[in-house]
Amino acid sequence: MTEKDPQNQRSLTIITSHVNADFDAMASMLAAQKLYPHAQVVFPGSQEKNLRNFFIQSMVYLFNVVDLGSVDFSAVTRLVLVDTRRRNRIGDLCRVLDNPGLEIHIYDHHPKKDDDIPADKEFFMLTGATVTILSGIIRGKAIAITPEEATIMCLGIYEDTGSFSFPSTTEHDFKAAAYLLSMGANLNVISSMITREFNPEQIGLLNDMIQASRRHTINGIEVVLTSVATDNYFPDISFLVQKMAKMENIDAIFAMALMENKVYVVARSRTDDVDVGDILDAIGGGGHPSAAAATVKGKTIAQTELLLLEALYVKINPRRSARHLMSSPAIMAAETTTCKAAQALLTRYNINALLVVDSGRTDSVCSGYITRQVIEKAMFHDLDAIAIREYMSTEISHVHPDADVVEIQDKIIGNKQRILPVIENGKVMGVITRTDLLNTLVQQNRPAVQHVPALGDASGAKRSRMVVNFMRERLPRHIMETLAQIGETATELDCGAYVVGGFVRDLFLYRKNEDVDVVIEGNGIAFAKTFARALGARTHTHQKFGTAVVIFPNGFKIDVASARMEYYQFPASLPVVEMSSIKMDMFRRDFTINTLAIQLNPGKFGRLIDFFSGQKDIKDKVLRVLHNLSFVEDPTRVFRALRFEQRFGFSIGKLTSSLIDNAVKMDFFKRLAGKRVYAELKLILKEENPAPTLLRLLDYNLLKVIHPALHIENDFKRLLDSAKKVTDWHDLLFIDETYQRWAVYFMTLIRHCDLEATREICAHLTIAPRHAKLFGEARMQTADPLSGLEHRKRMHNADVYNLLSTFKTELILYMMICTSSETAKKRISLYHTQLRHVAISISGTDLVQMGLKPGPLFSKILQSVLEAKLNESIKTPEDELAFVKKYIIKSIG
């Protein structure tokens, strides 16, 4: 079928393919154009990314290509799809599918799906490449093609069949290639395109992919996952994935690449057990059994990996015993739990039935179960406070973990039981729901998604290596000995012990950090108490959060936490904590660079565990969140992100940056308690140089979060620069006194706020009264003295002293920051370095011995002596006595 009539103005035929079109897709569009000569070729994604090399660019004249933005969608009456039939694979062009009377022609070699786009005419064959189908039609119709066209079509066959090496290759592909060779296809050009040499960028990225690879065994099948991140789009990921599969002899590989705020997933398989097209279909992609791709928007690599693992566990052949079907750990409630509390559990975990046990422990006797419907009815009848034992179903059967599907089916369906506990040696190991069973019975290759070990199971895939020698090089001996003792105590208590967080991060950043944070897989408080007793230390515990601080006699401290999962009841709330595994504990953290852990148990001491590519991000100096709701759950992480960015000289990843913008736009900060904002602000102000972070807050329009009354003028950057110079100057004086450097920066921040606004800010942030007074009334009192220092042409030393002597160091430095007058700066500097240290030797006792009676005259005399000494008219104690005698004679005169 060829198109005979030219297009009229309101009748348009469009040829398109899937986003991120490969050579087969481009070759198929060219071939389709031979069948529809008046059609327009439209790339659904970025044309520049698809026409990515000189050869294809030089052949662009062969295509009747139009830009997607110039297409009048309403005029499209015929849509020709090649190499895809999925709505979610054609980008914005999916809008055309709703055109009334639209005629759809599809040419595709991918296996059919139930939700494929319905076609008026369909040309389908299981071949290695779609262009094989089209070239066969062209040959059958004796349509002439040029050698250049034959070369592009043949290139599509060679790429999609792996040069005829993929299992999906058929005899039709060989025949099509032979035909195209007879039409002048240039094998030298094809060879140069298919067997490209590596460039340095490709070698670097391939090395990162190999280093980041981790192997999962899923239902007996080994699958390799790897991930990389680049700020710019890299077009050759498919090429590198294919090379890596060959080099590493991998049967099934899934590569995730974060590029320009999207995660691109490329998969290859050479085993019938792993249909990568079917697997990536579950996350919005597609392809055929041996090669497939997907584009995931709005998610991090960690989140994409979770989606991918879920799909893998769903799609790869399952083993069919209760052990593999059950959800674990089981969500349970004690008999005494109220209906209202039970409803909260159902909502929190998004489940429809709750297992009831006598005391809420896994080794408790299983009493029955209660469903969401029963709970909702109880709540409707105002039975919130009634215990669930009053309404639970008590006729409940259970199975052993080795029970097969037949037994599970008999007990769930035969007994009309919503939830089936799996019990071994009297302990509840997990539960199987009707949905779990239905997935298994209806979809023979699909176990429940809950089996994915991505978070709850510490045995899930992780990157690990031994770093004990590195630790010995970097850490003091007493720290190493303490870490070893922690591991030994944890092992005695049958717990896993890990040093985590900033301590490990800074170890690899070569920064000194002796703030040791330890996570215990088990009861962290019980561990802390045992460890403290053994070493003669004491503990301070926080039962609600499962944390403790071990305090040694010399003041050294270790923070101990139970491995825990945090969930947030609403945006910006404080977290609710539950026991969990080390991987779940790492997943709750703020950024990938803080997810590194080093195991401390004997036999595994010094094993670095990296679940979320933290090492890679440290190497690349990139700050990334772990999931895209991170700032929704805890907006204070935004402040931390900017602080870490400036402290470490990192950059914020593009997706993370867009999530910050989203958090500001959605105003998730409005529910933050002022106290939490103040805590994060103080940490920023305590940085060695807070100025860059404060300017970044301004970039993201985040200073308004501190308080709407905070007024920022155009001189903000100048003030911050001045604050850095002044505080550095003061610190280099090595004066033996302490001052609050952060408070100086805080006053600089509120420089243009009047007293009323300052009081509002202090109240909102719940600032302590002594600091509120410093920032408010005391700061306001500097205005007149500073004006005098700036504008008075002649001032004696005593005049300077009298203006400044009542002010604290923080206010002295604040005045020096605020003024742009060099004269004023010199006068303040003179006071701070010399005048304030001037003292007189004469005292009131000396005046009494001179025959004077104590009274107001004493202070006048002593003040006059001090001013004379400040002005250098007297210098020695003898001078002081002589001055006093003259002063008395003059006064009594």
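Residues numbered from 1 in each chain as written. Predicted model: local features only at pLDDT ≥ 70, side-chain atom pairs only at ≥ 80, totals over all residues. Heavy atoms only, no water.

Colleague: Can you walk me through the packing of aromatic side chains in this structure?
Modeller: Centre distance and the angle of the planes are the two values used to describe a pair of aromatic rings. Across all of its chains, the model carries 20 aromatic pairs by this definition. Centroid distance Y36 to Y107: 6.4 Å. Interplanar angle 80°. Geometry classified as edge-to-face. Here the residue Y36 occupies a position in the loop between α1 (23-35) and β2 (40-41), and Y107 occupies one in strand β4 (residues 103-108), the gap between them amounting to 71 residues. Each of the two residues, Y36 as well as Y107, counts as buried. Following the ring pairs from residue to residue traces out a cluster consisting of F527, F531, F552 and F556. One cation-aromatic arrangement involves R505 over F644; the distance from NZ or CZ to the ring centre is 5.0 Å. When the ring centre of W742 is taken as origin, the NZ or CZ atom of K682, which lies over that ring, is 4.6 Å away. (Phe/Tyr/Trp six-rings, centres within 6.5 Å; stacked < 30°, edge-to-face > 60°. Helix = DSSP H or I, 4+ residues; strand = E, 2+ residues; numbered from the N terminus. Buried < 20%, exposed > 50% of the residue type's maximum accessible area, 1.4 Å probe, protein only. Lys NZ or Arg CZ within 6 Å of the ring centre and 35° of its normal.)

Colleague: Please clarify how the sheet that holds strand β10 (residues 286-288) should be interpreted in this entry.
Modeller: Strand-to-strand pairing in sheets goes through backbone hydrogen bonds, with the strands running parallel or antiparallel. Spatial ordering of the open sheet is given by β6-β7-β8-β9-β11-β10, a layout of six strands whose pairing is mixed. Of all strands in the sheet, those with a lone pairing partner are β6 (214-218) and β10, marking the two edges. Along the sheet, successive strands turn relative to each other by an average axial angle of 20°, direction set aside. Pairing of strand β8 (residues 252-259) with strand β9 (residues 262-269), which is carried by eight bridges, proceeds in the antiparallel orientation. Its bridge partner lying in β9, L258 is registered against V263. (Pairing = 2+ DSSP bridges. Axes fitted to C-alpha atoms, helices over the stretch in contact; angles between N-to-C directions.)

Colleague: Would you take a moment to explain helix α34 (residues 797-804) for this structure?
Modeller: One turn of the α-helix equals 3.6 residues, which is why residues spaced by three or four share an orientation. Within the span of α34, buried status applies to A798, V800, Y801 and L804. Relative to the axis of α34, the buried residues are bounded by an arc of 160° and lie together on one face. Contacts from the buried residues of α34 go to α33 (783-791), α35 (809-818), α36 (822-833) and α38 (856-870). (Arc of directions from axis to C-beta. Contact = heavy atoms within 4.5 Å.)

Colleague: Help me out: how do you make sense of the pairing of β8 in this one?
Modeller: Side chains on a regular strand alternate between the two faces of the sheet. The element β8 is largely enclosed, with a buried count of eight among its eight residues. Both faces of β8 are covered, namely the face carrying A252, F254, M256 and L258 and the face carrying I253, A255, A257 and M259. Examined bridge by bridge, strand β7 (residues 221-230) and β8 share seven bridges and lie parallel to one another. Residue V228 lies in a different strand from β8, and its bridge partner there is A257. Read as a crossover between parallel neighbours, the route from β7 over helix α9 (residues 237-247) to β8 is right-handed. (Right-handed = clockwise from strand over helix to strand, strands pointing away.)

Colleague: How do you make sense of a nonpolar patch on the surface when you look at a structure like this?
Modeller: There is a patch of nonpolar side chains on the surface, built from V374, I386 and Y391 and spanning about 210 Å² of accessible area. Summarising the element assignment, Y391 is placed in the loop between α14 (372-380) and α15 (405-414). (Patch = residues over 30% accessible without salt bridge, like charges linked within 9 Å, V, L, I, M, F, W, Y side chains within 5 Å. Areas by Shrake-Rupley, 256 points an atom, 1.4 Å probe, with all protein chains shown as cover. Salt bridge = Lys/Arg side-chain N within 4 Å of Asp/Glu carboxyl O.)

Colleague: Would you mind showing me how to read unusual backbone geometry here?
Modeller: Most of the time, phi is negative for any residue but glycine, and the peptide bond is trans. One non-glycine residue with positive phi stands out, namely N425, at about 55°. By secondary structure assignment, the location of N425 is in the loop between β15 (419-424) and β16 (427-433). A relative accessible area of 78% means that N425 is categorised as exposed. Positive phi outside glycine occurs at D667, with the angle close to 55°.

Colleague: Where do I start with the packing of helix α27 (residues 691-699) against helix α29 (residues 716-732) in this structure?
Modeller: Describing two packed helices takes the angle between their axes plus the distance from one axis to the other. α29 packs onto α27 with a crossing angle of 165° between their chain directions and a minimal axis gap of 10 Å. One way to sum up the angle between α27 and α29 is to call them roughly antiparallel. In this structure, α27 crosses over α29, and the sense of that crossing is right-handed. Of α29, the residues touching α27 (which contributes A691, L694, L695 and L698) are F716, K717 and L720. For the contact of α27 with α29, the per-class residue count stands at six nonpolar, no polar and one charged. (Parallel < 35°, antiparallel > 145°, perpendicular 65-115°, else oblique. Left-handed = near helix turned anticlockwise from the far one by under 90°. Nonpolar A, V, L, I, M, F, W, Y, C, P; charged D, E, K, R; others polar.)

Colleague: In this structure, what is going on with the pattern of salt bridges? I would like to understand it.
Modeller: Opposite charge on two side chains lets them pair, provided their charged atoms get close. Enumeration over the complete set of coordinates arrives at 42 salt bridges. Residue D620 is joined to K616 by a salt bridge in which the shortest nitrogen-to-oxygen separation is 2.3 Å. Here K616 and D620 lie together in helix α22 (residues 614-620), a separation of four residues that amounts to about one turn. D728 serves as the salt-bridge partner of K724, at 2.4 Å between the closest nitrogen and oxygen. With a gap of four residues between them, K724 and D728 both fall in helix α29, about one helical turn apart. The exposure class assigned to K724 is partly exposed, which follows from its relative accessible area of 24%. Via salt bridges that share partners, R85, R86, D108, K112, D115, D116, E122 and D281 belong to a single interconnected network.

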